[in-house]
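Residue-level listing of the chains:
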Amino acid sequence: MLLLTPLVFATLTSIASAARLTVSIPSSPPLLPNPASLAPSTHAILLGPPGTRYSAPLRRDNTFAFPDLEEASYLLTIQSRDYFFPPLRVDVTKAADGTQEQTIAAWQTFRGNEWSNKGPQYGSGKGTLNIQVSPSSQKDFYQHRGGFDIMSFVKSPMILMGLVSVVFIFGMPYIMDNMDPEMKEEMAEMQKKGPLSGSNGAASQIQNFDMAGWLAGKGSGAESGGTVKKR
Amino acid sequence: MRASNRANAHIMLSTLLTAASLFLVPALAVFADEAWNVDYHFALLGAPKEETSFFHQPNPSSRASLIYTLSEQHALGAVNPRDGSLVWRQLLSSDGVAYRTSFLRAGEGQDVVISGIGHEVAAWSAADGRLVWTLSTDGPLEDVEILELSDGKETAGAKDAVALSSGANPTVQRIDGASGAVKWQFNIDGSDAPYQLSASSTQIFAILLHKTILGYVKLRVVVLDPVTGHKVDEYSLNSENELSTTENIVSVGANSASPMIAWTDSLYTTLKVNVVGTKSIQSFDIAAHDDSPIEHVKVHAPYHVNSLSHFLVHYQTAASHWADVFHINLKNGKVEKAYSLPKLAGRGAFSTSTSDANVYFTRVTRDEITTVSSASHGVLGRWSLNTFGVAAGIGEQVEPIHAASEVSVKGDTVSAIRTTILLSTGDWVMLRDGKGIWNRPEMLASTMVVTFALPADAATLVQQLEVEAHSNPVAAYIHRVQRHLSDLQRLPSIIVSLPQQIVKGFLGTSADDLTASDTFGFRQIIVCATRGGRLVALDAGSPDKIVWNVNVADLQPGQSREPFLASRIAGVVEVSSRAGAGIQYNATNGQPLAERLPVVPEGPQVPSSQVVLYTMHDGTLEASFNRTPAWAFTPMHGERIIDMVPRPVNDPVASIGKVLGDRRVLYKYLDSNIALLVTAQDSMGTANVYVLSTVSGAIIYSNVHTGVDLTIPIASIMSENWFAYSFTNEASDEASKGHQLVVGELFESLVPDDRGMMGATTNFSGMQTATEPFALTQTYQIPEVISKLAVTRTRQGITSRQLLAVLPDSNGIVGIPYGAVDPRRPVNRDPTKDEQAEGLVRYTAVLEFDPKWFLNHQREIVGVKNVFTSPALIESTSLVFAYGLDIFGTRLSPSFSFDILGKDFNKLQMLATVAALAVATFIVAPLVMRKQVDQRWRFL
């Protein structure tokens, strides 16, 4: 059903003076202390002009080798199961001094930027180039759910409110008992007059709030609201 | 106005969902607790080839061995014989090129295996699959062997390899085993075709095929000195009148004390044997053992220089098989028949194992395994097999195809034997002392098409309810009572399992409970049609084992088959092909049903919508409408059609608009008859993208991309009112080099609350009114190639969609949330409050694939060709199934599991909270009561 043309990988044509690129992965603690632990599926891809694409698997000595490179500008990406590697730009050009050897140079490149925007140079050489590329970060595949944590449970406002009320329930009678009688009387007086108690206190207002009347739009606010009367 | 009200009502629900998911967008990922439970994966190699499958010790100092194979799918890998798990794997042909021959060799006591395929000889570290060296040859490889020299002149470490290549300049090369450098090269003169290499401990023989004038094949042997690479001798074998094709050459032995060549005449009446290095040919008559003619003759010989020079010839007919064992006298080069193994019914598989110099032959038949020594016919070990433990068709006899064994012998008996067998069902099994240890479903590696089907038992209930609905009340009542009575039979088993279920209900989560009934629709049957003509079914709910596996087409070798699969009726799978009439199968047990289906018509098939049928004809796309031609799309000169993706037939959309942050609506351009067409212009390096109305053939959107690498796949997808495609482009002044993903969305108008041209109309026809949608597109720079795009599907389309992209370079499938690639992301400015409320973030040119988006997480899914999605019964979930080389499946909830309690719901915590509250209530209640009583006494 698909009419996709098969991917054509350019076969390596042996040119006597073709450039050779070797990319090695050094030990780079703490991210990757032992590059031998990289999965065997790790490979490097060199993407050249349309139709040119080389793929090199990881070797036993933690390197990727591209033996015959034609003159072009390449994008080098390293694909690994567990690590991210920075993308590089590799240029193979004719030597300036007209010798047989080609010049080969590598820089860091930035995705989504112009191709001419080059980062720090990784190295340059005549005919052959060995560069070292370290992983930029480790891949973290898994999302961890916020599990049950006793501290976060206690810190939650609901629980804090509960705890405070528990303290009040158990603590208040104790404090009241230990207060001197005069103070106690004063408190009782204050409670009677206080805004929260009494038939016109806020508490009773809330308790006797006429929800239906308020919803029906009887006036705005408490001024003309239901049973709430202005003194 | 009315329409917009209705739309608003529809939209409310989806708004709530998106609003709910917005808070959690960064968390759209694979959860650690679901990672290895919800998804499943078969890391496959493909059918192993007999010549390239063997046991080998990766570490010469340890006795533990692995099984190495280079499969028919050109996957090289090592399998742990203990549990069948894959140790490492390398795909030697990622571009889908099929090679005629491939080789895999391991030298005794070596820590590398050497592969040869196409133009490439490569050595791989046997323990971890890393490349050691690689060498490309000018011509295609004809043979690769490892030099087992006994002259002591080579290096102590790695053994050298010899490669024979054909092409314009056929050569024999000796390759240094440590570095991969060519030590010497011998150019073969003449026009004879190189056939094989053979090496004894002192000489290398290149065997060439010389075509005589009469059309027969003559064998020419060139003898080379292994140290210098000079020609020592050359002679031809007198095989003129018997050998008409190379198929009759039974074997060319290699790496044995005395390699030999064996061939037969075309009727399999005589076997001719020549010990390489001598010119004498000995012939043996092949006695007919039954009426059916011999189908093939195979030679099994040890692969070590210091083993006894004994070999076994295996004769196979349609009904039975037998074998003869021959000894070669090393002194005079005479071949003698030692003994015969009796005829047994069915197919047989023989394997050769060595222990020091001794050679053992293991014979696997359909019901037993026997081991004999090459020296005498006495049976050293016999194990009877009841079954191979694999799923097969009803009444199908499972036969062994080929085997490899590892034998340990103590005295006169075999103390332990491990045998891997490729079965006729396509399974690769391991038997230890006749007992099944593991089973790798390698036939699934050649899956061509798949379909999801409901299990038949779930379907029967639906059918029975339909019967009741459509009959008269009395009959329906009787039917119902009968159904309930039959249901009552299951009562005892339900009662027995009740306590267990209650415990599970308290401790587990609802998503775990897949065993009893399938309320969520997770347990769908996935039916795969393989290239080998088999139909294999998996259960998406318990994917560890194959449900059924039937042979649907008896294919001749080399015959190709293009099956089509569908499940139009619940519980029934339909298989059709161009080769013959289609058949229906019961989805639960694979039994064929009576009905016959029409033969699929000839011509390349393009995915079709229900009304419009597409065909490709001379590079022109032709659409027909009720079998009458409707329109044709002829690309411009030099332009070719790469791919065409219509909107899926079953693509429900819950809402006709997109709700903006300020509660206004942008109306989607929803047309079930639109398709995305991608064409390429190779000379210019441009890719053209068209959105077509498939009813009228009108182009409603088009775009051109220049500097596109057309050798790299261009993936495309169309769903709802949006499309996406990816390509790779070359650096230019305005574009950076790399891979890009383009997402486009079609709207009726870009003005909110306005339906544009279609304002008041309720119906419209694409034929009469030319309505052009307004398209918003956005391009994202992505880190790697996408080879295939797919999209999640849910039952009603309320759940937001997730774009699934197959990444061949990082061996994964990434699920990109639509919000991350929404073309309405504001460019060059921060989103407004309303846009923030919609979940839109500022546009960035680079879209990095978050590792948490990888559906496969740490698994490596190799060679995925396609991804198939199917809705579950609950709205939140979509089932995903990827196939190609590997099989991978999972469940996705793109808007989170809003209708099912997932693993995040901690039942224990909830129960503990309830219990704590209850306890608190009991303790606090008397206290509060006392306090209230006290208060009354005090203050009143």
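This next bit is on the overall build of chain B. Regarding its fold elements, chain B presents eight helices and 60 strands. Per-residue burial over chain B gives 53% buried out of 940 residues. Pairs at least 24 apart in sequence give 53% of the contacts found in chain B among residues at least 6 apart. Carbon and sulfur atoms make up 54% of the accessible area of chain B, which totals about 41,900 Å².

To continue, consider a nonpolar patch on the surface. All names here are of chain B. A contiguous nonpolar patch, built from V474, Y477, I478, V481, L485, L488, L491 and I495 and spanning about 790 Å² of accessible area, is present on the exposed surface. Secondary structure elements with two or more residues in the nonpolar patch: α4 (473–488) and α5 (491–507). The element contributing the most residues to the nonpolar patch is α4, with six residues. Checked against the element boundaries, L485 lands in helix α4.

Now for the interface of chain A and chain B. Across the contact, 52 residues belong to chain A and 69 residues belong to chain B. Counting the surface lost from both chain A and chain B, the interface buries some 5,500 Å², and carbon and sulfur atoms represent 58% of this. Contact with chain B buries area across many residues of chain A, yet R60(A), Q143(A) and R145(A) alone supply 15% of it, more than any other trio. Between chain A and chain B we count four salt bridges in total. A salt bridge links R53(A) to D809(B); the shortest N-O distance between them is 2.8 Å. Contributing elements (two or more residues each) for the side of chain A that touches chain B: β2 (43–47), β3 (53–57), β5 (72–79) and α3 (181–193) of chain A. Ranked by residue count, the leading element in the side of chain A that touches chain B is β5(A), at four residues. Partitioning the side of chain A that touches chain B into residue classes produces 28 nonpolar, 14 polar and ten charged.

All right, on to the sheet that holds strand β11 (residues 161–165) of chain B then. Residues and elements named next belong to chain B. With antiparallel pairing, four strands are arranged side by side in an open sheet as β10-β11-β12-β13. Here the strands that pair on one side only, and so sit at the sheet edges, are β10 (141–146) and β13 (182–187). Each strand axis lies, on average, 15° off the axis of its neighbour in the sheet, ignoring direction. Note that strand β12 (residues 171–175) and β13 share five bridges and pair antiparallel. Paired with T171 across the strands is N187, a residue of β13.

Here the structure, examined in full by the defined rule, presents twelve cavities of 30 Å³ or more. In this structure, the largest cavity spans a volume of roughly 100 Å³. The wall of the largest cavity is formed by 15 residues, among which L75(A), R111(A), K737(B), G738(B) and Q781(B) lie closest to the centre. At the level of elements, β5 of chain A together with β53 (738–747) and β54 (774–782) of chain B are the ones that each hand at least two residues to the lining of the largest cavity.

It is worth spelling out the pattern of salt bridges at this point. Residues and elements named next belong to chain B. One pass over the full model with this rule turns up 40 salt bridges over all chains. Notably, a salt bridge pairs D682 with R640, separated by 2.6 Å at the nearest N-O pair. Of this pair, D682 sits in the loop between β48 (674–681) and β49 (686–693) while R640 is found in strand β45 (residues 639–646), placing the two residues 42 residues apart along the sequence. Classification of D682 as partly exposed rests on a relative accessible area of 42%. For R640, a relative accessible area of 22% gives the class partly exposed. What you see here is one network of salt bridges that share partners, running through D189, D192, R220, K231 and E234.

Residues and elements named next belong to chain B. If you look at the biggest cluster of nonpolar residues, it comprises 35 residues, and the most contacted ones within it are I67, L444, F522, I526, L538, F881 and I887. When contributions to this core are tallied by element, the ones reaching two or more residues are β1 (40–42), β4 (75–79), β32 (428–432), β34 (447–453), β35 (525–530), β36 (534–539) and β59 (878–884). The leading source of residues in this core is β59, at three residues. Those residues in contact with I887 that sit more than four places away from it in its chain are Y40, H41, F42, L44, L444, T447, L538, F881 and A882.

A few words on the confidence of the model for chain A. Residue and element names in this part refer to chain A. On average, residues of chain A score 79 in pLDDT, and 77% of them reach the 70 mark or higher. Contacts for the low-pLDDT stretch residues 1–16, under 50 throughout, to residues beyond four places or in other chains number 33 contacts. Of the regions scoring below 50 in pLDDT, residues 220–231 engages in nine contacts with residues more than four places distant in sequence or in other chains.

This part covers the sheet that holds strand β50 (residues 699–705) of chain B. All names here are of chain B. Spatially, the four strands line up as an open sheet ordered β45-β48-β49-β50, and their pairing is antiparallel. A strand with exactly one partner marks an edge of an open sheet, and here the two such strands are β45 and β50. Averaged over all pairs of adjacent strands, the angle between their axes in this sheet comes to 20°, without regard to strand direction. The pairing of β45 with β48 spans seven bridges and is classified as antiparallel. Across the sheet, residue D643 finds its bridge partner in β48, namely V678.

So, about the pairing of strand β7 (residues 112–117) of chain B. It is a general feature of regular strands that their side chains alternate between the two faces of the sheet. All names here are of chain B. When you tally the buried positions in β7, you get six out of six residues, the bulk of the element. The two faces of β7 match: V112, I114 and G116 on one face and V113, S115 and I117 on the other face are all buried. What sits between the antiparallel neighbours strand β6 (residues 102–105) and β7 is a turn of six residues, in which G109 has the positive phi angle 70°. As paired elements, β7 and strand β8 (residues 120–125) share six bridges and run antiparallel to each other. Its bridge partner lying in β8, I114 is registered against A123. Between β7 and β8, which pair antiparallel in sequence order, lie two residues; one of them, G118, sits at a positive phi of approximately 60°.

With that settled, the discussion passes to the pairing of strand β7 (residues 88–94) of chain A. Residue and element names in this part refer to chain A. Taken across its seven residues, β7 has five buried, putting it largely inside the fold. Two strands pair when backbone bridges link them, and β7 and strand β8 (residues 102–109) are joined in this way by seven bridges, in the antiparallel orientation. The partner of K94 across the bridge, within β8, is Q102.

What follows concerns the packing of aromatic side chains. Given two aromatic rings, their pairing is described by the distance between the two centres and the angle made by the two planes. All names here are of chain A. Going through the model one piece at a time under the given rule, you end up with 20 aromatic pairs over all chains. Between K118 and the ring centre of W107, over which it is positioned, the NZ or CZ distance is 3.9 Å. A cation over an aromatic ring shows up here: K139 above the ring of F84, its NZ or CZ 5.1 Å from the ring centre.

Time to look at the confidence of the model for chain B. Residue and element names in this part refer to chain B. Here chain B averages 84 in pLDDT, and 89% of its residues register 70 or above. Across chain B, strand β56 (residues 802–807) holds the top mean pLDDT of 95, while helix α1 (residues 2–22) sits lowest at 41. In this model residues 1–27 is a low-confidence stretch, pLDDT under 50, and it forms 24 contacts with partners more than four residues away in sequence or in other chains. Confidence over residues 510–516 falls short of pLDDT 50; this stretch has 16 contacts with residues more than four positions distant or in other chains. Overall fold confidence for the complex sits at a pTM of 0.84, while the interface term, ipTM, reaches 0.84.

So, on to α3(A). Along its 13 residues, α3(A) runs 19 Å from first to last C-alpha, staying within 8% of the 18 Å computed at 1.5 Å per residue. Within α3(A), only zero of the 13 residues are buried, leaving the element largely exposed.

Rules and cut-offs
- Residues numbered from 1 in each chain as written.
- Chains lettered and ligands numbered in written order.
- Predicted model: local features only at pLDDT ≥ 70, side-chain atom pairs only at ≥ 80, totals over all residues.
- Heavy atoms only, no water.
- Helix = DSSP H or I, 4+ residues; strand = E, 2+ residues; numbered from the N terminus.
- Buried < 20%, exposed > 50% of the residue type's maximum accessible area, 1.4 Å probe, protein only.
- Contact = heavy atoms within 4.5 Å.
- Areas by Shrake-Rupley, 256 points an atom, 1.4 Å probe, with all protein chains shown as cover.
- Patch = residues over 30% accessible without salt bridge, like charges linked within 9 Å, V, L, I, M, F, W, Y side chains within 5 Å.
- Salt bridge = Lys/Arg side-chain N within 4 Å of Asp/Glu carboxyl O.
- Buried area = accessible area lost by both parts, 1.4 Å probe.
- Nonpolar A, V, L, I, M, F, W, Y, C, P; charged D, E, K, R; others polar.
- Pairing = 2+ DSSP bridges.
- Axes fitted to C-alpha atoms, helices over the stretch in contact; angles between N-to-C directions.
- 1 Å grid on protein atoms, 1.4 Å probe; cavity = no way out; pocket = protein on both sides within 12 Å on 5 of 7 lines; lining within 4 Å.
- Points joined across faces, edges and corners; volume = space filled by probe spheres on them.
- Core = buried A, V, L, I, M, F, W, Y, C linked by side-chain atoms within 4.5 Å.
- pLDDT = per-residue confidence, 0-100.
- Phe/Tyr/Trp six-rings, centres within 6.5 Å; stacked < 30°, edge-to-face > 60°.
- Lys NZ or Arg CZ within 6 Å of the ring centre and 35° of its normal.
- Expected span 1.5 Å × (residues − 1).

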